[in-house]
Amino acid sequence: MVPRSLPPAVSRRALDLQGAAGRLAADLVEPEAPRGFVLLLHGGGQTRHSWNGTAAALAGQRWTTLTYDARGHGDSDWVPSGDYSIDAYVADLRLVIGQVAPPRPLVLVGASLGGMTILIGQAETPSLADAIVLVDIVPKPQLGGVERIQRFMTANPDGFASLDEAAAAIQAYNPRRGRPRNQSGLSKNLRQGDDGRWHWHWDPRILGDGSDLQSLVAGTRATEAAARLSGQTLLVSGGESDVVRREDVLRFRALVPAAQTVNVAGAGHMVAGDRNDRFADAIGRFLARIPG
């Protein structure tokens, strides 16, 4: 496995960024003499820490990485209006890029919801990045897989009595992952309430009326956005994913003929978390071909 610890001559520092509706918590990992800049967007219900292993691996390849908690997730602000629409996430992405002013080449990597944010943002603003990587997300994912994720995210509205109970729920949802020996990483994805119970570290309204992800998938906007993509594109799918299957990859390649595709064996929808070694190798090869 790719180690989560940073290689020598690499620094990590926390940033407070401004989103369209509040503060966004971020981490910047900087190697010496970087080759370029990679901005990583996590999936719905996750936090920036889901990219720790990937950031460490890319730092070893001399790529600067920035990860941030999306609005309503992790240590970022919850939105008083409850606006968790795709346009809101895209607006935040544009603001982050504007504030950080990353050097080129700039590559955007997004998993699931983060990938959909990048797809829409890059299609509508082709100069946003030099290349993009979509991780187990396509314009028309498998509805059964999407619904299974939503059932998991809404299954414990009262939270968990302990981190061990939360770990058991995660293992039941994703049996390919073993129980973590150290629960400190898990604690970053949960918050402890005044009653001592542990709740997922995101605003429950991200799945409510303020989110239009389902309508985006059901409509044509994402498909039309994919057809407008230009520049270098990589689609990484999980070999055991129930969200993106082989036929979905083929449909994506028909929409984006120049796109490269990689299937990561042994990984489900959470590709980087399931097989970070193979995932990091796949995007490392893609990044190596991007002119610096």
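Counting from 1, residues in each chain are numbered in the order their sequence is written. Local features are withheld for residues below a pLDDT of 70 in this predicted model, meaning they are given only at 70 or higher, and side-chain atom pairs are given and counted only at 80 or more; totals for whole chains, interfaces and linings count all residues. Heavy atoms from the whole structure form the basis of all side-chain values; hydrogens and water molecules are not counted.

S.K.: Just checking my understanding: could you explain the overall build of the protein chain for this structure?
M.R.: For the purposes of this entry, the term helix denotes a DSSP run of H or I that reaches at least four residues, the term strand denotes a run of E that reaches at least two, and both are numbered from the N terminus. Looking only at helices and strands, the protein chain features eleven helices and ten strands. The C-alpha atoms of the protein chain give 18 Å as radius of gyration, which agrees with the globular expectation for 292 residues (19 Å, within 12%). Once the C-alpha set of the protein chain is aligned to its principal axes, its extents read approximately 50 × 45 × 40 Å. For the exposure calls, accessible area comes from a 1.4 Å probe over protein chains only, and a residue counts as buried if that area is under 20% of its type's maximum, exposed if over 50%, partly exposed in between. For the protein chain, the proportion of its 292 residues judged to be buried stands at 51%. Should any heavy atoms of two residues lie within 4.5 Å, those residues are counted as being in contact. For the protein chain, restricting intrachain contacts to residue pairs at least 6 apart in sequence, the fraction spanning at least 24 positions comes to 73%. Our radius of gyration looks at C-alpha atoms and nothing else; its globule reference is 2.2 Å times the residue count to the power 0.38.

S.K.: Even after reading the chapter, I still don't get the sheet that holds strand β1 (residues 10–19), so can you show me in this structure?
M.R.: Read across the sheet, eight strands follow the order β1-β2-β4-β3-β5-β6-β9-β10 without closing on themselves; strand pairing throughout is mixed. For this open sheet the edge positions go to β1 and β10 (260–264), each flanked by a neighbour on one side alone. The average undirected angle you get between the axes of adjacent strands in this sheet is 20 degrees. Between N-to-C directions, angles span 0 to 180 degrees; the directions come from axes that are lines fitted to C-alpha atoms, helices contributing only their stretch in contact. Packed onto the sheet, helix α2 (residues 86–100) meets β1, β2 (22–31), β3 (36–41), β4 (63–68) and β5 (106–111) and runs at close to 125 degrees relative to β1. In the packing of helix α11 (residues 276–288) onto the sheet, the strands contacted are β3, β4, β5, β6 (131–135), β9 (232–238) and β10, and the crossing angle to β9 comes to about 165 degrees. The pairing criterion for strands is at least two bridges between them, as found by DSSP.

S.K.: Even after reading the chapter, I still don't get the packing of helix α1 (residues 52–60) against α11, so can you show me in this structure?
M.R.: Two quantities define a packed helix pair, namely the angle between the axes and the distance from one axis to the other. Between α1 and α11, the least distance of the axes is 10 Å, while the angle of their chain directions is 45 degrees. Our classification of the angle between α1 and α11 gives oblique. Read as a crossing pair, α1 and α11 show a hand that is right-handed. For the pair α1 and α11, contact is made by Gly53, Thr54, Ala57 and Leu58 and by Asn276, Phe279, Ala280, Ile283 and Leu287, respectively. Working definition: roughly parallel below 35 degrees, roughly antiparallel above 145 degrees, roughly perpendicular at 65 to 115 degrees, and oblique for all remaining angles. What makes a crossing left-handed is the near helix being turned counterclockwise from the far one by less than a right angle; a clockwise turn instead makes it right-handed.

S.K.: How do you make sense of the layout of surface pockets when you look at a structure like this?
M.R.: Left-over empty space is what a probe sized like a water molecule reveals as it rolls over the atoms. When its volume is computed, the second largest pocket comes out at roughly 230 Å³. In this structure, the second largest pocket is lined by 13 residues; those nearest its centre are Met153, Asn156, Pro157, Trp202 and Pro204. Under this grouping Gly is polar, as are all residues other than the nonpolar Ala, Val, Leu, Ile, Met, Phe, Trp, Tyr, Cys and Pro and the charged Asp, Glu, Lys and Arg. For the lining of the second largest pocket, the per-class residue count stands at eight nonpolar, four polar and one charged. Both cavities and pockets are sets of points on a 1 Å grid over the protein atoms alone; in a cavity a 1.4 Å probe fits but cannot get out, in a pocket the set is open with protein on both sides within 12 Å along at least five of seven lines, and lining residues sit with an atom within 4 Å of a point. Grid points are joined across faces, edges and corners, and a volume is the space filled by probe spheres set on the points.

S.K.: Whenever I open this one, the pairing of β2 confuses me. Can you help?
M.R.: Note on strand geometry: in a regular strand, side chains alternate between the two faces of the sheet. Counting buried residues along β2, eight of its ten residues qualify, which places the element largely inside the surrounding structure. Of the strand pairs in this sheet, β1 and β2 are connected by ten bridges, and their pairing is antiparallel. Residue Leu17 lies in a different strand from β2, and its bridge partner there is Leu24. Linking β1 back to β2 in an antiparallel pair, the connection comprises two residues. Judged from the four bridges that link them, β2 and β4 form a sheet pairing that is antiparallel. Pairing of Ala26 across the sheet is with Tyr68, part of β4.

S.K.: What exactly am I supposed to notice about empty space enclosed by the protein here?
M.R.: If you walk through the whole model with that rule in mind, you get two cavities of 30 Å³ or more. Estimates place the volume of the largest cavity at around 100 Å³. Looking at the largest cavity, the residues that line it are Leu41, His42, Gly43, Tyr68, Ala70, Arg71, Tyr89, Asp92, Leu113, Gly114 and Thr117. Among the secondary structure elements, those contributing two or more residues to the lining of the largest cavity are α2 and α3 (113–124). In terms of residue count, α3 provides more of the lining of the largest cavity than any other element does, three residues in total. In terms of residue class, the lining of the largest cavity is made up of five nonpolar, four polar and two charged. Of the volumes computed, that of the second largest cavity is approximately 30 Å³. Along its surface, the second largest cavity is lined by Gly19, Ala20, Ala21, Gly22, Arg23, Leu24, Arg71, Asp77, Val79 and Asp92. At three residues, the largest contribution of residues to the lining of the second largest cavity is made by β2.

S.K.: Quick question: what am I supposed to make of the pattern of salt bridges here?
M.R.: If the charged atoms of two oppositely charged side chains come close together, the side chains can form a pair. Think of a salt bridge as a Lys or Arg side-chain nitrogen and an Asp or Glu carboxyl oxygen that are within 4 Å of each other. Tallying each qualifying case throughout the model produces 14 salt bridges. The salt bridge involving Arg205 is made with Asp203; its shortest N-O contact spans 2.9 Å. Using a relative accessible area of 35% as the deciding quantity, one classes Arg205 as partly exposed. For Asp203, a relative accessible area of 2% puts it in the buried group.

S.K.: What am I meant to see in the side chain of Gln122 here?
M.R.: Along the chain, the position of Gln122 falls in helix α3. Here a polar contact is taken to be a pair of N or O atoms separated by no more than 3.5 Å, where protein atoms must pair a possible hydrogen donor with a possible acceptor and residues adjacent in sequence count only if both atoms sit in side chains. Separated by 3.0 Å, the side chain of Gln122 and the backbone oxygen of Ala129 make a polar contact. Leave out the neighbours within four places in its chain, and Gln122 touches Leu128, Ala129, Ile132, Leu229 and Ser230.

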